[in-house]
Amino acid sequence: MPVEFVCQRSDLARGIATVERAVSSRDSMPVLEGILIRAESDRLLLVATDLEMSIECYVPARVRQTGETVLGGKVLGQIARKLAGDEVVYTTEDNQTARIESGRSRFTVHTMDPEDFPTLPDVDEESMWRISQAQMRKMIRHTSFAAAADDSRPFLTGVFVEVEGDDICFVATDSSRLSHYKGKLIEPAKSATTGIVPVRSLTELMRLLEPDDESEVEFTVTPNQAVFCLAGVRVISRVIEGQFPDYRRVFPSEKPTQLRVGRQEFLDALERVSLIAKRNTPIVRIKVQEGLLSLTTNEAEIGQAFEEINVVQDGSDRETAYQARYLLDVLRAMDAEDVEMGLGEGLKQGSLRSVEDEAFTYIVMPVRVG
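Asker: Describe the overall build of the chain, listing the residues and the values that go with them.
Answerer: Per the secondary structure count, the chain includes six helices and 26 strands. Taken along its principal axes, the extent of the C-alpha atoms in the chain is 80 × 50 × 35 Å. Counting only contacts in the chain whose residues sit at least 6 apart along the sequence, the fraction spanning at least 24 positions is 65%. On the chain, the mean spot of the 43 positive side-chain charges and the mean spot of the 61 negative ones are 4 Å from each other.

Laid out in structure tokens, this is it:
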């Protein structure tokens, strides 16, 4: 069936940029490398999916002939961004090609059969929860970096979402560190729910979220999928199967030595001592004594680095060691002025918190050094 519409080039380019991150890069199903365009009465629905994540976006348009078409996502995105005209005129031809016109530009591109494109999943919008987009951004930013990067334990490669009443927790761990953020829903959920959402899906969602407290996102997590709805945009993700570990067991049961330090000062010092590394981020020895924090790294084939920072200390003097990357990651994710670090005794876990935001907790395991 022929499809004809006219739309603003800027609107089309924005819509394609929104969905194209979900276009599949695998060759198993060529149609997944495309973007579905569904021309409705006064708008276009753009859809891309790799079967694990789908992104849908509405674009205003003057539709002359309703219907569906699929075009290669890469070429469509390149054309839409480079067109010189203000309007785009799209017409499908009978021989599985489409004509795209804008200004003095004319393109004829091959299309794919929309019947081969995966069916869009149904979503029960009555079970949606609401939260501010700013808080959702903060929760993703403060947790997703701590998830495991390898697939040997798939249930650790996502963020564990836990909802009960109006409480919502995001938790991520790779078994050497754990990041936990507790937020509030605008209205209580009807029932307690848990699920593991892939980090990639949340990262793409964060890219679309507004940084203000006025905008909201509606979302839900079911045993099969997670759905996030913004104005004119919907992100649908599979959920990861498996049992997420009991994260509450890793919170320190004893009060460790506490030290308060400026986040940026701590981050800068860690980045400098981390310059002494042959291949990977080094082990950093941390020693706090009489209000002075020292950081030391040692790489046999390169040399040594040493830094000192004044801190506010509460508790006994203590010495331990961590993978520097585990401290760098969390300090870069946080936006606090000051952080509070807890140093456990021996090989007991340490912690990092924001002085200004009690909703966030980061747990990190030390390493044994000779």
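Asker: I'd like a rundown of the packing of helix H5 (residues 263-273) against helix H6 (residues 324-333), residues and numbers included.
Answerer: For any two helices packed against each other, the geometry comes down to the angle between their axes and how far apart the axes lie. One way to put it is that H5 packs onto H6 with a least axis distance of 10 Å and a crossing angle of 145°. The handedness of the crossing between H5 and H6 comes out as left-handed. Contacts between H5 and H6 involve Arg 263, Phe 266, Leu 267, Leu 270 and Glu 271 from the former and Leu 327, Leu 328, Leu 331 and Arg 332 from the latter. Taken together, the residues of the contact of H5 with H6 sort by class into six nonpolar, no polar and three charged.

Asker: Describe the pairing of strand S16 (residues 225-230), with residues and values.
Answerer: The buried fraction of S16 amounts to six of the six residues, a majority that puts the element mostly inside the structure. Of the two faces of S16, the one carrying Gln 225, Val 227 and Cys 229 and the one carrying Ala 226, Phe 228 and Leu 230 are both buried. Looking at chain direction, strand S15 (residues 216-221) and S16 are connected through four bridges and run antiparallel. Directly across from Glu 218, in S16, lies its bridge partner Cys 229. The hairpin formed by S15 and S16 contains three residues between the paired strands. As consecutive antiparallel partners, S16 and strand S17 (residues 233-238) are separated by two residues, and within that stretch Gly 232 has a phi angle of approximately 75°, a positive value.

Asker: Describe the pattern of salt bridges, listing the residues and the values that go with them.
Answerer: Pairing between side chains of opposite charge can happen when the charged atoms of each approach one another. Applying the stated criterion across every chain, the model contains 23 salt bridges. Note that Arg 130 is salt-bridged to Glu 187, the shortest N-O span being 2.9 Å. With Arg 130 in strand S10 (residues 129-132) and Glu 187 in the loop between strand S13 (177-184) and strand S14 (193-198), the pair connects residues that are 57 residues apart, well separated along the chain. Sharing partners across several salt bridges, the network here consists of Asp 166, Asp 167, Lys 182 and Lys 184.

Asker: Mind laying out helix H4 (residues 199-208), listing which residues take part and the relevant values?
Answerer: All buried positions along H4 are accounted for by Ser 201, Leu 202, Glu 204, Leu 205 and Leu 208. Take H4 and look down its axis: the buried residues cluster within an arc of 160°, on one side only.

Asker: Can you lay out the nonpolar core for me, pointing to particular residues and giving the numbers?
Answerer: It is characteristic of soluble globular proteins that their nonpolar side chains tend to be buried jointly. Counting 93 residues, the largest nonpolar core has Leu 44, Met 136, Phe 266 and Leu 295 as the members making the most contacts within it. With six residues, H6 is the largest single contributor of residues to this core. Those residues within four positions of Phe 266 in sequence are excluded, and the remaining contacts are Val 261, Leu 293, Leu 295, Ile 309, Leu 331, Val 339 and Met 341.

Asker: Run through the packing of aromatic side chains, naming residues and quoting values.
Answerer: The tally for this structure, following the rule as stated, stands at eight aromatic pairs. Seen in terms of ring centroids, Phe 145 and Tyr 362 are 5.9 Å apart; in terms of plane orientation they differ by 35°. Their pairing is tilted. Pair noted here: Phe 145 is in the loop between helix H3 (133-141) and strand S11 (158-164) and Tyr 362 is in strand S26 (residues 360-364), with a separation of 217 residues, a long-range link. Tyr 362 gets classed as buried once you look at its relative accessible area, which sits at 0%. Above the plane of the ring of Tyr 58 lies Arg 43, whose end atom (NZ or CZ) is 3.6 Å from the centre.

Procedures and definitions
Residue numbers here run from 1 along each chain, matching the order of that chain's written sequence. Predicted model: local features are reported for residues with pLDDT of at least 70 only, side-chain atom pairs are reported and counted for 80 or more only, and whole-chain, interface and lining totals are derived from all residues. With hydrogens and water excluded, all non-hydrogen atoms of the structure serve as input to the side-chain values. Secondary structure elements follow DSSP: runs of H or I no shorter than four residues count as helices, runs of E no shorter than two count as strands, and numbering proceeds from the N terminus. Whether two residues are in contact is decided by their heavy atoms, any of which lying within 4.5 Å being enough. Positive residues here are Lys and Arg, negative ones are Asp and Glu, while His and the chain termini are left out of the count. To locate a charge, the coordinates of NZ of Lys, CZ of Arg, CG of Asp or CD of Glu are taken. The convention used is that axes are lines fitted to C-alpha atoms, helices contributing only their stretch in contact, and that angles between N-to-C directions extend from 0 to 180 degrees. Handedness of a helix crossing follows the sense of rotation of the near helix relative to the far helix, less than a right angle counterclockwise being left-handed and clockwise being right-handed. Ten residue types, Ala, Val, Leu, Ile, Met, Phe, Trp, Tyr, Cys and Pro, are classed as nonpolar, four, Asp, Glu, Lys and Arg, as charged, and the remainder, Gly among them, as polar. Partly exposed describes any residue whose relative accessible area lies between the buried limit of under 20% and the exposed limit of over 50%, with all areas from a 1.4 Å probe on protein chains only and scaled to the type maximum. In short, DSSP must find at least two bridges between two strands for them to pair. The salt bridge criterion pairs a side-chain nitrogen of Lys or Arg with a carboxyl oxygen of Asp or Glu, the two atoms within 4 Å. This arc is taken over the directions from the axis of the helix to the C-beta atoms. What makes a nonpolar core is a set of buried Ala, Val, Leu, Ile, Met, Phe, Trp, Tyr and Cys residues whose side-chain atoms join them at distances within 4.5 Å. The rule is short: rings of Phe, Tyr and Trp, with Trp giving its six-membered ring, pair when the centres are within 6.5 Å, and they are stacked under 30 degrees, edge-to-face over 60, tilted in between. Only when the NZ of Lys or the CZ of Arg is both within 6 Å of the ring centre and within 35 degrees of the ring normal is a charge said to sit over the ring.

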